[in-house]
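Descriptive structure summary
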Amino acid sequence: MTPDVLKNIADTLEARRKAAPQSSYVASLFHKGEDAILKKVAEEAAETLMASKDKDKLHLVREVADLWFHTMVLLTYHGLRPEDVVMELHRREGISGLDEKAARKPTV
């Protein structure tokens, strides 16, 4: 269901979740905690927007890859995997975006 590359990255992220912070970039992010991970996701999202505005397709693809990667780090931090997101996308498939949004329970 999920492409092998996403599964492989998720497996690596999970393995680095409890690793020593000096052993890898990802381990250091996990060690710093959720705020550091959220900061990276926000930074990569902003860089993705700027790459789009620059109309540079290769730069855009690279920034989206960075954004997806750091979002996967965030998912792993919360004990989730790309398969969880893919299942949600499958659930939404064929449903109007307006209908799907209207059916969501309001958040408090």
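Summarised in this report is the structure supplied together with it. The structure displayed is predicted, hence computed values, not measured ones. (Residues numbered from 1 in each chain as written. Predicted model: local features only at pLDDT ≥ 70, side-chain atom pairs only at ≥ 80, totals over all residues. Heavy atoms only, no water.)

1. What to know about the overall build of the protein chain
Check the secondary structure of the protein chain and you find six helices and zero strands. In the protein chain, the succession of helices and strands from N to C terminus is α-α-α-α-α-α. Projected onto the principal axes, the alpha-carbon positions of the protein chain cover approximately 45 × 35 × 35 Å. In the protein chain, which comprises 108 residues, the proportion classed as buried is 26%. Within the protein chain, residue pairs in contact and separated by at least 24 positions form 55% of the contacts whose partners lie at least 6 positions apart. A gap of 2 Å separates the mean positions of the 17 positive and 18 negative side-chain charges of the protein chain. (Helix = DSSP H or I, 4+ residues; strand = E, 2+ residues; numbered from the N terminus. Buried < 20%, exposed > 50% of the residue type's maximum accessible area, 1.4 Å probe, protein only. Contact = heavy atoms within 4.5 Å. Lys, Arg positive; Asp, Glu negative; His and termini not counted. Charge placed at Lys NZ, Arg CZ, Asp CG, Glu CD.)

2. What about the packing of helix α2 (residues 25-32) against helix α3 (residues 34-54)?
α3 packs onto α2 with a crossing angle of 120° between their chain directions and a minimal axis gap of 5 Å. Here α3 runs oblique to α2, going by the angle between their axes. Of the residues in α3, those in contact with Y25, L29, F30 and K32 of α2 are E34, A36, I37 and K40. Class assignment of the residues belonging to the contact of α2 with α3 gives a composition of five nonpolar, no polar and three charged. (Axes fitted to C-alpha atoms, helices over the stretch in contact; angles between N-to-C directions. Parallel < 35°, antiparallel > 145°, perpendicular 65-115°, else oblique. Nonpolar A, V, L, I, M, F, W, Y, C, P; charged D, E, K, R; others polar.)

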